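The lines below spell out each chain.
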Amino acid sequence: MAAQITKEITIGELIQTNPNVIPVLLSAGMHCLGCPASQAESIGEAAWVHGIDADALVDEINEFLASPEGAAPVQA
């Protein structure tokens, strides 16, 4: 099983660790992933700003990361 993320990880760290998670963030309503400020924002902070339940988002991200799509290496 993949390592579990928490609300404290920044958007930048998460994307750098596994860019495959970008569609999950976009589908949750986080469309500002390229914004420099978002890179230093934690998942919890970003969820709060976007009116998203941070715990539900973290659960969704962790489920994705545990799935074959989330675990697969990014195709160049």
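Since the model is a prediction, treat every value here as computed from it, not as a measurement. (Residues numbered from 1 in each chain as written. Predicted model: local features only at pLDDT ≥ 70, side-chain atom pairs only at ≥ 80, totals over all residues. Heavy atoms only, no water.)

Colleague: Hey, could you run me through the overall build of the chain in this one?
Modeller: Regarding its fold elements, the chain presents 6 helices and 0 strands. Evaluated residue by residue, the chain yields a buried proportion of 39% over its 76 residues. Considering only intrachain contacts with a sequence separation of at least 6, the fraction spanning at least 24 residues in the chain is 65%. Summed over its atoms, the accessible surface of the chain is roughly 4500 Å², and 60% of this surface lies on carbon and sulfur atoms. (Helix = DSSP H or I, 4+ residues; strand = E, 2+ residues; numbered from the N terminus. Buried < 20%, exposed > 50% of the residue type's maximum accessible area, 1.4 Å probe, protein only. Contact = heavy atoms within 4.5 Å. Areas by Shrake-Rupley, 256 points an atom, 1.4 Å probe, with all protein chains shown as cover.)

Colleague: I tried to follow helix α4 (residues 43–50) on my own but got confused; where do I start?
Modeller: An α-helical turn contains 3.6 residues, so any two residues separated by three or four positions project in the same direction. What α4 keeps buried is the set Ile 43, Gly 44, Ala 46 and Ala 47. For α4, the buried positions fall inside an angular range of 165° around the axis, keeping them on one side. The exposed residues of α4 that point more than 90 degrees off its buried face are Trp 48 and Val 49. Phi turns positive, to about 70°, at Gly 51, one or two residues after α4. (Arc of directions from axis to C-beta.)

Colleague: I tried to follow the packing of α4 against helix α5 (residues 54–66) on my own but got confused; where do I start?
Modeller: When two helices pack together, their arrangement is given by the angle between the helix axes and the distance between those axes. Viewed as axis vectors pointing N to C, α4 and α5 meet at an angle of 125°, and their least axial separation amounts to 9 Å. Overall, the two elements α4 and α5 adopt an arrangement that is oblique. The chirality of how α4 crosses α5 is right-handed. Residues Ile 43, Gly 44 and Ala 47 of α4 lie in contact with α5, whose contacting residues are Ala 54, Leu 57, Val 58 and Ile 61. (Axes fitted to C-alpha atoms, helices over the stretch in contact; angles between N-to-C directions. Parallel < 35°, antiparallel > 145°, perpendicular 65-115°, else oblique. Left-handed = near helix turned anticlockwise from the far one by under 90°.)

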